[in-house]
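# Descriptive analysis of the structure
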Amino acid sequence: MEVAVDNVIEESEGKNDSAIDDPSNNNKISMNDDNAAYESDYSLRIPISNVRFRGSQLHVIDTDHDQLILKQQLGNDEKKHNKTTLVKRLSPITYAQRAIRIGYSLITIIFVGFLFVFCCEVLLFLGIALPVSANEAWSIPQMHLFSTLLSIPVLLYGLTSLMTMGCAFVIDAHRGGALFRSTAMEIIYLIVFLIAPMTTAMICLMAQSEEPWRITSLVWAILILITFAGWALAVTYKQMKACFLLVDKCFPLEEEEPNNFKRFMKIANRALLITQTKRYSGTKRQRYLVAGDDLTKTYTESQLTPVESRTGCFSRLVSLKCCSKINTFESVDPPKKLLESDEIMGYQPVMTKTNWSMQKYWCAGSSHQSALLVTGGSSALSSEQMKFSVLCTVTSVILASLLFIGVLVWMEMGLVIYLLVAVLALLCCVFPMFRNSREMLKLYDELKENNDDEEDNERGGKTMMNVWERVIISEPKPWLCYAFVAFEVVFFFIWPFISMLVLKNYPIAGVFFVLGFFDFLWRYFDASSVLAKYGTISDAAELFNEEYDGVTHVHRYRFSQIVGGIIRNKGRLVWTWIFVFVFLIVWFMLSASQSSSATITAEQRGPRPPILLLNDFYYPGVNTLAYPTCKLTKGFEFPVVDGQSAKNVSSDLGDYAFLSAMAYERESINQYTLQEWFGGGVIDEVDYVKKWREESGTQSSPVYFKLFSAPEVNSAVVSVRGSKPCLTGWQICIFGSHLE
């Protein structure tokens, strides 16, 4: 929030209400002057409210948890003509409301946890099922792996977007649905989170259901899933609508188009070109260490000399003259500024000696680089705080590097790898961070020496800032942007999708299609890319008229939350690395399993130690465990045939545990042990499994299983041997999988 305040700002944190309640005429300020001093920024969900109370004009600022009350008054010192602003903080939220918000948060966090498990299952299934599966429609087995690799970018981006949106959903639920706050939204949240599950539990309890908690949880989960899906669709719609509005206002069409459909298609085409141009442009990053008085919108066009300049390999490649000659890229001279996410949002915190803390600086990550550091006046950072900031930054980098080296040592990668990583960490991370911190300390000392403390206390302390600015040095031609779109759609979407359909992998194909469809909507019609080439949200807001365009303060706030909380969310990078790590683990397990199967087939693996059968075993029973085993229910019972259950086959847990152990035994041993255990009611279908492996072409598959049939009940149990070649100690045993 940007607040224009004359002279002094005082804070009142106690319960003293005399300053607000005082109706004295001496503290009154002209209403016109008072109203002209404040303007609501889009970062506020609720605009500033003006209230008259006991002869005074108050400004009320509401946040999600607090309420700030601002009152201008005449000074109480000798200078009666000076204005002061009294700022009071209240907390109108009650404990009951906090409890409801915490309940909303916990429920949605559990939901996002299941969402994360679903994403990992997709990666697991993708990494194992597609490369291992075989189908007659493919003549080259390597095409399975190639199709899987092509599907990774879309799935990875889609799953990352899904988790980022899930985290934003948790935050919005904690705020009570602030993103789409309305009476209808509050009713929906109340029904989904409280009324519906309580009603379901009440009905189940009155009906004396055996599992009321299970039914209630299922209804709860379905309702939250539907709510999240509707919320995500609404966010997607609002983002695309904002993108088209921004393109229409910031980059208007040369000629007015009367036909609405043609106008929409032209705007969508321009939005796609802007997004693709921004994504594939060659850029250069320059770092400036500047004082607060030197802050401008574009440092590249100023007389300031950059402290550091970085140009990526791709940017260097597309900036070559040969790219201009073959009509693919064109040089941009002078370079155009490309706004970062913090600049688009207007995010620029101020760090003073009172709000500085080691914990805040440690957890800020790269955000502290855009903070304004106060170097003069009563709020100036001390030399000790600056030195601790440097120590905190350098220590973080060193610890992260040592942790990564520790992981490599644990994996026994070798001394050469350890030394190579250590050298790269020193050259690319530690030394640049140390040099940057030393330059900041040098500028801080210079500004500190030139400060006029008396003037700074009167007008406000001086500031300094470490600025990274990105500029465009080359742009792709329009035809190349379209070519990139065609290439991405064909090779990263259509090809993998058809491959999944040919392999009859319909569940993953459905997930891939949904994720890919929304991926391309967010990728090709990105409102933040439009702003990155035009200006900040505040700059774009000036182009809209509230009466004519219908863009209100609520729309600006919602758009800023979508851009900052979802599109440009820094947590997206964290989720990307998490899913990359999960996929690499799956790939490692699969590779180890396949390499083991290349030398030893599943049938050639050695058996486990034999199981000794006792004829005189007796279990006396103790306390609540009266029997040596228990019966399994809910899908584990064998069916009844002709009104009679099986005589020699039961649903005891011990029977399933016994069958899981039989997966490691030889055929000759199984025939004897099965006869002794079940009395002839279960058969090891060795020939049937062997024939199925030959027909399906899975003789060398690392998955080894046995099929135990029970003819009396016309059912069978599949017992899968643990995947020891993948990772020692990993056991994947599937009990009670029935084949009817």
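All values reported here derive from a predicted model rather than from experimental measurement.

### Description of the overall build of the protein
Tallying secondary structure elements over the protein gives 24 helices and 15 strands in all. The burial tally for the protein puts 40% of its 740 residues in the buried class. A separation threshold of at least 6 residues defines the contact pool for the protein, and within that pool the share at least 24 residues apart is 70%. When the accessible surface of the protein is summed, it comes to about 42,600 Å², and 62% of that surface belongs to carbon and sulfur atoms.

### Considering the pattern of salt bridges
What the rule picks out here adds up to 11 salt bridges. Where arginine 214 meets glutamate 211, a salt bridge forms, and the shortest distance between an N and an O atom there is 3.7 Å. Looking at arginine 214, the relative accessible area reads 48%, which means it is partly exposed. Classification of glutamate 211 as partly exposed rests on a relative accessible area of 22%.

### Considering the nonpolar core
Among the nonpolar cores identified, the biggest contains 82 residues, and Tyr189, Trp231, Val235, Leu246, Phe525, Phe559 and Phe579 are the most heavily contacted of them. When residues no more than four places from it in sequence are discounted, the contact partners of phenylalanine 559 are Ala242, Leu246, Ala527, Leu531 and Ile537. Met662, Leu674, Phe678 and Phe708 belong to the second-largest nonpolar core, a separate cluster that totals 9 residues.

### Some thoughts on the packing of aromatic side chains
If you walk through the whole model with that rule in mind, you get 26 aromatic pairs. Relative to phenylalanine 497, the ring of phenylalanine 493 lies with its centre 6.2 Å away and its plane at 5°, an arrangement referred to as stacked. Residue phenylalanine 493 and its partner phenylalanine 497 are both found in helix α15 (residues 478-502); the two are separated by 4 residues, about one turn of the helix. By the ring-pair criterion, three or more aromatic residues cluster together here, those being Phe493, Phe497, Phe512, Phe513, Phe520 and Tyr524.

### Concerning the side chain of glutamine 67
Tracing the backbone through its elements, the reader meets glutamine 67 in strand β4 (residues 67-74). For glutamine 67, the side chain forms a polar contact with the side chain of aspartate 62, separated by 2.8 Å. Residues within four places of glutamine 67 in sequence aside, it is in contact with Val60, Ile61, Asp62, Lys88, Arg89, Leu90 and Pro92.

### Some remarks on helix α23 (residues 667-678)
One full turn of an α-helix is made of 3.6 residues, so residues set three or four places apart face in the same direction. Between its first and last C-alpha, α23 extends 16 Å over 12 residues, near the 16 Å set by a 1.5 Å rise per residue. Within α23, burial applies to Asn670, Thr673, Leu674 and Phe678. For α23, the buried positions fall inside an angular range of 105° around the axis, keeping them on one side. Turned more than 90 degrees off the buried face of α23, the exposed positions are Ser668 and Tyr672. Looking at the buried positions of α23, the neighbouring elements they touch are α22 (653-662), β12 (683-684) and β13 (705-710). Once α23 ends, the next one or two residues include glycine 679, with phi positive near 75°.

### What to know about the pairing of strand β3 (residues 56-62)
Burial within β3 is extensive, with 7 of its 7 residues counted as buried. With burial as the criterion, each face of β3 is covered, one bearing Ser56, Leu58, Val60 and Asp62 and the other bearing Gln57, His59 and Ile61. Both strand β2 (residues 49-53) and β3 contribute to a ladder of 5 bridges, which runs antiparallel. Residue pairing across strands places phenylalanine 53 opposite serine 56, the latter belonging to β3. Here β2 folds back onto β3 in antiparallel fashion, the turn holding 2 residues, of which arginine 54 has a positive phi close to 55°.

### Some points on helix α12 (residues 383-410)
Here α12 contains 28 residues, and its C-alpha end-to-end distance of 40 Å stays within 8% of the 40 Å for a straight helix at 1.5 Å per residue. Every buried residue of α12 is accounted for by Gln385, Met386, Ser389, Val390, Cys392, Thr393, Val394, Val397, Ser401, Ile405 and Leu408. Following α12 by one or two positions, glutamate 412 adopts a phi angle in the positive range, close to 55°.

### Description of a nonpolar patch on the surface
A contiguous nonpolar patch, built from Leu403, Val407, Trp410, Met411, Met413 and Ile417 and spanning about 650 Å² of accessible area, is present on the exposed surface. Residue contributions to the nonpolar patch peak at 3 residues, all from α12. Tracing the backbone shows valine 407 in helix α12. Judged by its relative accessible area of 38%, valine 407 falls in the partly exposed class.

### Digging into the side chain of aspartate 684
On the secondary structure map, aspartate 684 appears in strand β12. Here the side chain of aspartate 684 touches lysine 706 through a polar contact of 3.4 Å, side chain to side chain. Ignoring anything within four residues of it in the chain, the contact list for aspartate 684 reads Glu667, Asn670, Gln671, Leu674, Lys706, Leu707 and Phe708.

### A few points about unusual backbone geometry
Cis rather than trans, the peptide bond between aspartate 333 and proline 334 has omega equal to 5°. Positionally, proline 334 belongs in strand β8 (residues 329-338). The phi dihedral of asparagine 327 is positive, around 60°, even though this residue is not glycine. Note that asparagine 327 resides in the loop between α9 (321-325) and β8.

### Quick word on the environment of valine 247
With respect to the helices, strands and loops of the structure, valine 247 is situated in helix α6 (residues 212-250). Along the sequence, valine 247 and alanine 271 sit 24 residues apart, while their C-alpha atoms lie 6.2 Å from each other. Apart from the residues lying within four places of it in its own chain, the contact partners of valine 247 are Pro252, Ile267, Arg270, Ala271, Ile274 and Val530.

### Section: the confidence of the model for the protein
Here the protein averages 75 in pLDDT, and 73% of its residues register 70 or above. Per-element averaging of pLDDT across the protein places strand β15 (residues 737-738) at the bottom with 32 and α15 at the top with 91. Under a pLDDT of 50 for its full length, residues 1-36 has, in the predicted model, 70 contacts with residues more than four places off or in other chains. When the criterion is pLDDT under 50, residues 597-602 qualifies, and its contacts beyond four places in sequence or with other chains add up to 9 contacts.

Calculation notes
- Residues numbered from 1 in each chain as written.
- Predicted model: local features only at pLDDT ≥ 70, side-chain atom pairs only at ≥ 80, totals over all residues.
- Heavy atoms only, no water.
- Helix = DSSP H or I, 4+ residues; strand = E, 2+ residues; numbered from the N terminus.
- Buried < 20%, exposed > 50% of the residue type's maximum accessible area, 1.4 Å probe, protein only.
- Contact = heavy atoms within 4.5 Å.
- Areas by Shrake-Rupley, 256 points an atom, 1.4 Å probe, with all protein chains shown as cover.
- Salt bridge = Lys/Arg side-chain N within 4 Å of Asp/Glu carboxyl O.
- Core = buried A, V, L, I, M, F, W, Y, C linked by side-chain atoms within 4.5 Å.
- Phe/Tyr/Trp six-rings, centres within 6.5 Å; stacked < 30°, edge-to-face > 60°.
- Polar contact = N/O pair within 3.5 Å; in protein donor to acceptor, adjacent residues only side chain to side chain.
- Expected span 1.5 Å × (residues − 1).
- Arc of directions from axis to C-beta.
- Pairing = 2+ DSSP bridges.
- Patch = residues over 30% accessible without salt bridge, like charges linked within 9 Å, V, L, I, M, F, W, Y side chains within 5 Å.
- pLDDT = per-residue confidence, 0-100.

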